[in-house]
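Report on the structure
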Amino acid sequence: MTALLDCINKKSNTNCIWLMRQAGRYLPEFRNIRSKNTDFIKLCLDEDLSSEITVQPLKRFDIDAAIIFSDILLVPYALGQSVKFKKDFGPLLGDIDFPKISKIGESEFSEKLKPVYNAIKKTKDKVELKDKDLIGFVGAPWTILIYMLNKKSPKNEDIGSNLKDIKFIDDLLKIIIKFLKIHIENQISNGATIIQIFDSWVGLLDEKDYDKFVYRPTRNLVNFVKSKNIPVICFPKGINNYKNYVSAVKPDVISIDYDADPKEISETIDVTVQGGLNPNFLIGSKKDLQTNVIKYLDAFKNKPYIFNLGHGVLPNTDPSMVDYLVKLVKDYS
Ligand code: CP3
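Let me sum up the structure you'll find in this document.

Our next topic: the pairing of strand E9 (residues 272-275). Looking at chain direction, strand E8 (residues 253-256) and E9 are connected through 4 bridges and run parallel. Residue Ser255 lies in a different strand from E9, and its bridge partner there is Gln274. For the crossover that starts at E8, traverses helix H14 (residues 262-268) and ends in the parallel E9, the hand is right-handed. In terms of strand pairing, E9 meets strand E10 (residues 305-307) through 2 bridges, oriented parallel. Its bridge partner being in E10, Val273 is matched across the sheet by Tyr305. Taken together, E9, helix H15 (residues 286-299) and E10 constitute a β-α-β crossover, and its handedness is right-handed.

Below you can see the structure in the form of structure tokens.
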């Protein structure tokens, strides 16, 4: 069995660790490839390069899993919405052509994302992946919906105006869920051993809207992943109550953000927990990093726990700090 799965199944004696955005701009070898590939979507759809980027962090650090180098916004892209990444701004999406989106078939969608699936297949065969998990992922329905409607990273004030047309939103959400399932299925059938669902924008919603936009749609995907006998990790960043989320969505693993209190989570949640550490500690002193890493490891000492961050590695992180972090986690007992 592979390392992360051992942790989830409570069979591991050592601590497991991987990091969100472990492949990315803080690594010079990524920046080198990125500088020659200015179109980010095209880079994600280059199966050789995306497979190479996926294993870059495994060549440096003693981490237990790879996450396929891709992006959650490839799903809107494959549904025919234009997606661009503007430097120092983030994603910029085009208008939704609803009649066109509602006619897209499964094979057309899968064909557009074929390089992602080929990259997964290629990565699985690499020596760096021996005895390691390969994590596939999707954005949660809510996060994909809000990107598609808002066409750039949303802020609080963007929500109300975007969600007015109830029938349109319901129809779009159904289409999003349908294709997220297809994307999950394709990643699993090509070799992903775990699926993570990123819900980056839960924090924008009022609790009264959780059931409609977060709990029910995500539960639908979670059930789908479980039906394939693959573990599913959910990361509802900014949720107000992790316990309620776990009861409603029933993931195998709950990934927590840096606002969650590890001690309280450890005492109240009965599934495997992942993450939590503020990525800012990777750009501070080694001493502060150590103190805070130990805070998480102590809190989860007697629980199944996967070490990770409370959000992605920041671009200005020194890779040597990541190395130090991995060693702290592996040497803890
Ligand atoms: O290493 C990994 O974690 C795997 C690859 C991965 C990327 N994006 C690569 C990426 C994963 C899992 C994602 C998920 C993702 N993408 C999320 C959910 C997690 C989160 O951050 O909340 C979201 C919201 C996106 C959408 C997205 N993609 C944004 C907002 C941006 C621009 C801001 C940023 O962080 O640069 C991206 C671009 C992106 N996705 C980069 C990478 C490595 C940076 C690309 C670059 O400019 O070089």
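As a further point, take the site of the ligand. As a structural note, the neighbourhood of the ligand is formed by 24 residues, with Arg21, Arg25, Arg34, Asp71 and Ser200 the closest of them. A distance of 2.6 Å is found between an oxygen atom of the ligand and a side-chain nitrogen or oxygen belonging to Arg34. When the ligand sits alone it has 870 Å² of accessible area, and the protein chains cover 87% of it. Listed by contribution, the elements that provide at least two residues to the shell around the ligand are helix H2 (28-36) and strand E4 (90-93). Taken together, the residues of the shell around the ligand sort by class into 14 nonpolar, 6 polar and 4 charged.

This paragraph deals with the sheet that holds strand E2 (residues 65-67). The pairing of strands in a sheet happens through backbone hydrogen bonds and is either parallel or antiparallel. The strand order E1-E10-E9-E8-E7-E6-E5-E2 describes an open sheet built from 8 strands, whose pairing is parallel. The open sheet has two free edges, formed respectively by strand E1 (16-17) and E2, since each of these has just one partner strand. Against the sheet, helix H11 (residues 166-189) contacts strand E5 (133-139) and strand E6 (194-199), and its axis sits at roughly 170° relative to E5. Its contacts with the sheet put helix H13 (residues 242-249) on strand E7 (232-236) and E8, and the angle it makes with E8 is roughly 150°.

Within the element layout of this structure, Lys178 appears in helix H11. By relative accessible area, Lys178 is classed as partly exposed at 42%. Sequence-wise, Lys178 and Leu221 are 43 residues apart; in three dimensions their C-alpha atoms are separated by 9.3 Å.

A few words now on the pairing of strand E3 (residues 83-86). One ladder, built from 4 bridges, connects E3 with E4; its direction is antiparallel. Residue pairing for E4: Lys84 is matched across the bridge by Leu92. Linking two consecutive strands that pair antiparallel, namely E3 and E4, is a turn of 3 residues; a positive phi of about 60° is found at Asp88 within it.

With that settled, consider the pattern of salt bridges. Enumeration according to the criterion identifies 15 salt bridges in this entry. With its nearest N and O atoms 2.5 Å apart, the salt bridge here joins Lys167 to Asp171. Taken together, the residues span about one helical turn, with Lys167 and Asp171 both in helix H11 at a distance of 4 residues. The exposure class assigned to Lys167 is exposed, which follows from its relative accessible area of 58%. A relative accessible area of 23% means that Asp171 is categorised as partly exposed. In the salt-bridge network here, residues are joined through shared partners; they are Glu47, Asp48 and Lys122.

Cut-offs applied
Residues numbered from 1 in each chain as written. Predicted model: local features only at pLDDT ≥ 70, side-chain atom pairs only at ≥ 80, totals over all residues. Heavy atoms only, no water. Pairing = 2+ DSSP bridges. Helix = DSSP H or I, 4+ residues; strand = E, 2+ residues; numbered from the N terminus. Right-handed = clockwise from strand over helix to strand, strands pointing away. Near = heavy atom within 4 Å. Polar contact = N/O pair within 3.5 Å; in protein donor to acceptor, adjacent residues only side chain to side chain. Areas by Shrake-Rupley, 256 points an atom, 1.4 Å probe, with all protein chains shown as cover. Nonpolar A, V, L, I, M, F, W, Y, C, P; charged D, E, K, R; others polar. Contact = heavy atoms within 4.5 Å. Axes fitted to C-alpha atoms, helices over the stretch in contact; angles between N-to-C directions. Buried < 20%, exposed > 50% of the residue type's maximum accessible area, 1.4 Å probe, protein only. Salt bridge = Lys/Arg side-chain N within 4 Å of Asp/Glu carboxyl O.

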